[in-house]
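Structural features, examined
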Amino acid sequence: MTVHHVLFGTYTRQSSKGIYEADFDEATGRLSDARLVFAGTNPTYLAISKENIVYAVEKRGDEAGVVSLDNATRPMSAIGLNVTEGSAPAYIAVDEDRQLVFAGYYHRGTVEVYAIQPDGSLVLKDTWHNSGSGPRPEQDSSHVHYVNLTPDNRLAVVDLGTDEVITLAVDPSGLLTDVARYKAEDGFGPRHLRFSPDGQYAYVLGELSSLLSVLKYDAENGSFAHVMTISTIPSDWDEHNGAAAIRLTEDGRFIYTSNRGHDSVSVFQTSNMGAEIELIQTVSTEGSFPRDMNFDPAEKFLVVANQKTNNVSVFSRDQETGELTLVQKDFAIPEGVRVKFEG
């Protein structure tokens, strides 16, 4: 029996105490033995470096930022803390080649770049600011929701508030420079994106619009161009929904998106070398307000965290058809947001 470990980032507004870890049985797809491994305040998002350092969202009073944690110790021991006055980041990513960490701040409309030190702690190198707004009430200002590397090692910044995907150049020391900007339709509310395996296309998920768009990526100038858009929810759904996570299989054949409100995962199949997408399945997450979700290392299962019902659901994944089948729905994780397999 091969057992993997899964980390869950959470909100700590109710019963949660921080970051949890659980065992995942590769044979059955079932989770077991949830335990608290870091006591923190709203460590909603986290990333893990190859040196096994966890970089997690942390809030301390009126300050917030990134805490560096040794993932080899239980409970995790803090290596460093980088916080400043204001709200916490929404996304954290690691650049292994340049030994940098990026944090996207939703309420601040900023991206912070940190250099990784030999002990795994961080030193702030640059802060990039965006400005603007959109037509919807949630778009009163810039809201950076995602920041991660493009296939050619630029930085893609997804701004829900300004309906933009912004491409930045990253110099070896971590300084950021604007390269290109893609403007989605008004009110699209982009949240996260993923690139096709060959780097030719990007799939950007609109939280506010419940839409999924295919963009063509031009590595010569870092620009994006719209190809097509499809809904993540049924046409007759008229209650609130916010699209959240997007996952793409390593072979690029299937895309999975979570819907908060409709409380489902939508499954899409790609075609035409990744340029086209088609909805093939929508399945209930067996809980309320699904946030992040992730594949196990073999991509045989999909693990989905339901924030409001404090449960995690696991689905087996048909690797030929892409379709999901429920395996487990009653695994307790309080206020789950982030799902991250270790190793």
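Up top is the structure.
The structure contained in this document is the topic of the report that follows. (Residues numbered from 1 in each chain as written. Predicted model: local features only at pLDDT ≥ 70, side-chain atom pairs only at ≥ 80, totals over all residues. Heavy atoms only, no water.)

**What about the environment of Asn221?**
In this fold, Asn221 is placed in the loop between strand E18 (211–218) and strand E19 (223–231). Separated by 41 residues in sequence, Asn221 and Ala180 place their C-alpha atoms 7.3 Å apart. Setting aside chain neighbours within four positions, we find Asn221 in contact with Arg154, Val179 and Ala180. (Helix = DSSP H or I, 4+ residues; strand = E, 2+ residues; numbered from the N terminus. Contact = heavy atoms within 4.5 Å.)

**A closer look at the sheet that holds strand E14 (residues 164–170)**
Read from one edge of the open sheet, four strands run E12-E13-E14-E15, paired in antiparallel fashion. Across the chains shown, the open sheet's two edge strands, defined by having one partner strand only, are strand E12 (144–149) and strand E15 (176–183). For this sheet, the mean angle separating the axes of adjacent strands, direction not counted, is 20°. In the sheet, strand E13 (residues 155–159) pairs with E14 via five bridges, with the strands oriented antiparallel. Directly across from Val158, in E14, lies its bridge partner Val165. (Pairing = 2+ DSSP bridges. Axes fitted to C-alpha atoms, helices over the stretch in contact; angles between N-to-C directions.)

**Describing the pairing of E18**
By the criterion of burial, E18 is predominantly enclosed, with six of the eight residues buried. Summarising the sheet, strand E17 (residues 201–206) and E18 pair through six bridges and their orientation is antiparallel. In the sheet register, Val204 faces E18, and the bridge partner there is Ser213. Hairpin geometry of E17 and E18 is characterised by an intervening segment of four residues between the two adjacent antiparallel strands and by a positive phi of about 55° at Ser210. Pairing of E18 with E19 involves eight bridges; the strand directions are antiparallel. Pairing of Leu212 across the sheet is with Ile230, part of E19. Linkage of E18 to E19, two consecutive antiparallel strands, is achieved through a turn of four residues, within which Gly222 is found at a positive phi near 75°. (Buried < 20%, exposed > 50% of the residue type's maximum accessible area, 1.4 Å probe, protein only.)

**A look at the sheet that holds strand E22 (residues 264–271)**
Read from one edge to the other, the open sheet built from four strands follows the order E20-E21-E22-E23, with strand pairing classed as antiparallel. Edge strands, defined here as strands with exactly one partner in the open sheet, are strand E20 (242–248) and strand E23 (276–284). On average, adjacent strands in this sheet sit at an angle of 25° to one another, irrespective of strand direction.

**A word on the nonpolar core**
Tyr55, Leu155 and Val157 are the most contacted members of the largest nonpolar core, which totals 46 residues. With 15 residues, the next largest nonpolar core counts Phe8, Ala22, Leu31 and Val339 among its residues. (Core = buried A, V, L, I, M, F, W, Y, C linked by side-chain atoms within 4.5 Å.)

**What to know about the packing of aromatic side chains**
Counted under the stated rule, the structure contains eight aromatic pairs. An angle of 75° between the planes, with centres 5.6 Å apart, marks the rings of Phe24 and Phe301 as edge-to-face. Residue Phe24 is located in strand E2 (residues 18–25), and its partner Phe301 is located in strand E25 (residues 301–306); the two are separated by 277 residues in the primary sequence. As far as burial versus exposure is concerned, Phe24 and Phe301 are alike and both buried. When the ring of Tyr256 is compared with that of Phe295, the centres are 5.5 Å apart and the planes differ by 80°; the resulting orientation is edge-to-face. Residue Tyr256 is located in strand E21 (residues 254–260), and its partner Phe295 is located in strand E24 (residues 290–295); the two are separated by 39 residues in the primary sequence. Assigned by exposure class, Tyr256 and Phe295 land together as buried. Over the ring of Phe289 we find Lys308, and its NZ or CZ is 4.4 Å from the ring centre. (Phe/Tyr/Trp six-rings, centres within 6.5 Å; stacked < 30°, edge-to-face > 60°. Lys NZ or Arg CZ within 6 Å of the ring centre and 35° of its normal.)

**A closer look at the side chain of His192**
With respect to the helices and strands, the residue His192 is situated in strand E16 (residues 190–195). Each residue touching His192, except ones within four places of it in the same chain, is listed here: Tyr91, His145, Tyr146, Val158, Tyr203, Val204, Leu205, Ala244 and Ile246.

**Structural notes on the pattern of salt bridges**
A complete count under the given rule lists 18 salt bridges for this structure. In this structure, Arg35 and Asp23 form a salt bridge, with 3.0 Å as the shortest nitrogen-oxygen distance. One end of the pair, Arg35, is in strand E3 (residues 31–39); the other, Asp23, is in strand E2, with 12 residues separating them in the sequence. Overall, the relative accessible area of 17% leaves Asp23 in the buried class. For Arg74, the salt bridge identified is with Glu342, shortest N-O distance 3.4 Å. Highlighted residues: Arg74 in the loop between strand E6 (63–70) and strand E7 (77–85) and Glu342 in the segment after strand E28 (336–341), separated in sequence by 268 residues. Overlapping salt bridges, with partners in common, bring together Glu21, Asp23, Asp33, Arg35, Arg74 and Glu342 in one network. (Salt bridge = Lys/Arg side-chain N within 4 Å of Asp/Glu carboxyl O.)

**Considering the pairing of E28**
For E28, the tally of buried residues reaches five of six residues, placing the bulk of the element in the interior. Across five bridges, strand E1 (residues 3–10) lies against E28 in antiparallel orientation. For Thr10, the partnering residue across the bridge sits in E28 and is Gly336.

**Examining unusual backbone geometry**
Between Arg74 and the following residue, Pro75, the backbone shows a cis peptide bond with an omega angle of -5°. As for its placement among the helices and strands, Pro75 is situated in the loop between E6 and E7. Despite not being glycine, Asn42 has its phi angle at roughly 50°, a positive value. When you line up the elements, Asn42 lands in the loop between E3 and strand E4 (46–48). A relative accessible area of 19% means that Asn42 is categorised as buried. Of note, Asn153 is a non-glycine position whose phi angle comes to about 65°, a positive value. Structurally, the position occupied by Asn153 is in the loop between E12 and E13.

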